[in-house]
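The chain contents come next:
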Amino acid sequence: MKMMDKGILIVVSAPSGCGKGTILAEILKDEKFFYSVSATTRSPRPGETDGVNYHFLKKEQFEELIASGGMLEYAQYCDNYYGTPREKVMEKLAEGKHVILEIEVQGAMQIREKCPDAVFIFIAPPSVEELRNRLSGRGTETADVIEKRVSEAAHEISFADRYDYVIVNDRLEDAIEDFRTVVRAEELKSVNQKNIIDEVLKNA
Ligand code: ADP
Ligand code: 5GP
């Protein structure tokens, strides 16, 4: 099968605890996807590795990248910068890979302006109550932080209608299948099938 000339840029947002890490771990087993590692000025959490979870930068380094146009988008979130380094994203799209950006709402809206062909997916929990249960179950935050994240989540969910697709992560297998369905539908759009049409018409 002929590959697409250019991959699809996929923007994924979800409040903390909605399961995007769990869903993306499954999706990323397929090598047609590439996960864009963001840059941030926040400190690494225990277990996080530079270059794998994030590129951990000093504030000055981050600001230099902004000034030189090296960030595709960036936002300030909880007193730190977060941003998507441009170069790797462009390189992987040109190779035909689907590039996944896992970013918050402000950054997603910047991508909407700059990259009109990108696909926007919002992952929501089945209910705020279930989100609270999952955050407690994950055991990585204190009760205080969990309550903060839950109220932040309710605010973020109110932006879901700005996205092209909303996937409710109720049963995990269904959410993963929904994600793959969205990507397949996007692949089949005529705008993404131009080289395949050329192939069909070759020697006509
Ligand atoms: P995020 O990356 O969005 O912060 P995680 O992927 O870490 O969220 O998921 C939060 C917690 O919820 C984890 O403990 C995960 O195992 C659990 N979880 C994820 N999806 C589901 C689901 N569909 N049903 C039940 N638990 C889930
Ligand atoms: P955390 O500190 O929990 O890793 O991330 C905080 C928030 O920043 C999450 O909503 C995450 O999706 C978002 N984020 C991570 N990387 C980027 C990025 O490159 N750009 C933007 N705009 N947000 C990001």
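Structure's up top.
Throughout what follows, the structure given in this document is the object of discussion. Source: prediction; values computed, not measured. (Residues numbered from 1 in each chain as written. Chains lettered and ligands numbered in written order. Predicted model: local features only at pLDDT ≥ 70, side-chain atom pairs only at ≥ 80, totals over all residues. Heavy atoms only, no water.)

**Topic: the pattern of salt bridges**
Argument step 1. One pass over the structure, following the stated rule, counts 18 salt bridges.
Argument step 2. For the salt bridge of Glu-26 with Lys-29, the shortest nitrogen-to-oxygen distance reads 3.0 Å.
Argument step 3. Overall, Glu-26 belongs to the partly exposed group, its relative accessible area being 28%.
Argument step 4. Among the residues examined, Lys-29 registers a relative accessible area of 62% and is labelled exposed. (Salt bridge = Lys/Arg side-chain N within 4 Å of Asp/Glu carboxyl O. Buried < 20%, exposed > 50% of the residue type's maximum accessible area, 1.4 Å probe, protein only.)

**Remarks on the side chain of Thr-84**
Argument step 1. Of note, Thr-84 is situated in strand E6 (residues 80–85).
Argument step 2. Here Glu-73 takes part through its side chain, which lies 2.5 Å from a polar atom of the side chain of Thr-84.
Argument step 3. Aside from chain neighbours lying at most four places away, what touches Thr-84 is Ser-36, Gly-70, Met-71, Leu-72, Glu-73, Val-89, Leu-101 and Ile-103. (Helix = DSSP H or I, 4+ residues; strand = E, 2+ residues; numbered from the N terminus. Polar contact = N/O pair within 3.5 Å; in protein donor to acceptor, adjacent residues only side chain to side chain. Contact = heavy atoms within 4.5 Å.)

**Observations concerning the site of ligand 1**
Argument step 1. Lining the immediate surroundings of ligand 1 are 14 residues, of which Gly-17, Gly-21, Thr-22, Arg-138 and Asn-169 lie closest.
Argument step 2. Measuring from a nitrogen atom of ligand 1, one finds a backbone N or O atom of Asp-170 at 2.9 Å.
Argument step 3. Here ligand 1, which alone exposes 570 Å², has 72% of that area covered by the protein.
Argument step 4. For the shell around ligand 1, the secondary structure elements donating two or more residues are helix H1 (20–27) and helix H5 (128–138).
Argument step 5. A total of three residues in the shell around ligand 1 trace back to one element, the largest contributor, which is H1.
Argument step 6. For the shell around ligand 1, the class distribution of residues is three nonpolar, six polar and five charged. (Near = heavy atom within 4 Å. Areas by Shrake-Rupley, 256 points an atom, 1.4 Å probe, with all protein chains shown as cover. Nonpolar A, V, L, I, M, F, W, Y, C, P; charged D, E, K, R; others polar.)

**Topic: the layout of surface pockets**
Argument step 1. Of the pockets and cavities examined, the largest pocket occupies roughly 1,400 Å³.
Argument step 2. Residue assignment for the lining of the largest pocket shows that the elements contributing at least two residues are H1, strand E5 (71–77), E6, H5 and helix H6 (143–157).
Argument step 3. Sorting elements by how many residues they give to the lining of the largest pocket places H6 first, with six residues.
Argument step 4. Residue classes in the lining of the largest pocket are distributed as 18 nonpolar, 12 polar and 14 charged.
Argument step 5. As a volume, the second largest pocket reaches approximately 440 Å³.
Argument step 6. In this structure, the second largest pocket is lined by 20 residues; those nearest its centre are Lys-6, Gly-7, Ile-8, Asp-117 and Asn-192. (1 Å grid on protein atoms, 1.4 Å probe; cavity = no way out; pocket = protein on both sides within 12 Å on 5 of 7 lines; lining within 4 Å. Points joined across faces, edges and corners; volume = space filled by probe spheres on them.)

**Structural notes on the site of ligand 2**
Argument step 1. Taken together, the neighbourhood of ligand 2 is formed by 14 residues, with Ser-38, Arg-42, Tyr-54, Tyr-82 and Glu-104 sitting nearest.
Argument step 2. Within the side chain of Tyr-54, one N or O atom sits 2.6 Å away from an oxygen atom of ligand 2.
Argument step 3. The contact in question runs from an oxygen atom of ligand 2 to an N or O atom on the backbone of Gly-83, over 2.9 Å.
Argument step 4. When isolated, ligand 2 has an accessible area of 510 Å², and the protein chains bury 90% of it.
Argument step 5. When atoms are counted within 2 Å of each cavity's grid points, the one that captures over half of ligand 2 is the largest pocket.
Argument step 6. Taken together, the elements giving at least two residues each to the shell around ligand 2 come down to E5 and E6.
Argument step 7. When its residues are assigned to classes, the shell around ligand 2 shows five nonpolar, four polar and five charged. (Sits in = over half its atoms within 2 Å of the grid points.)

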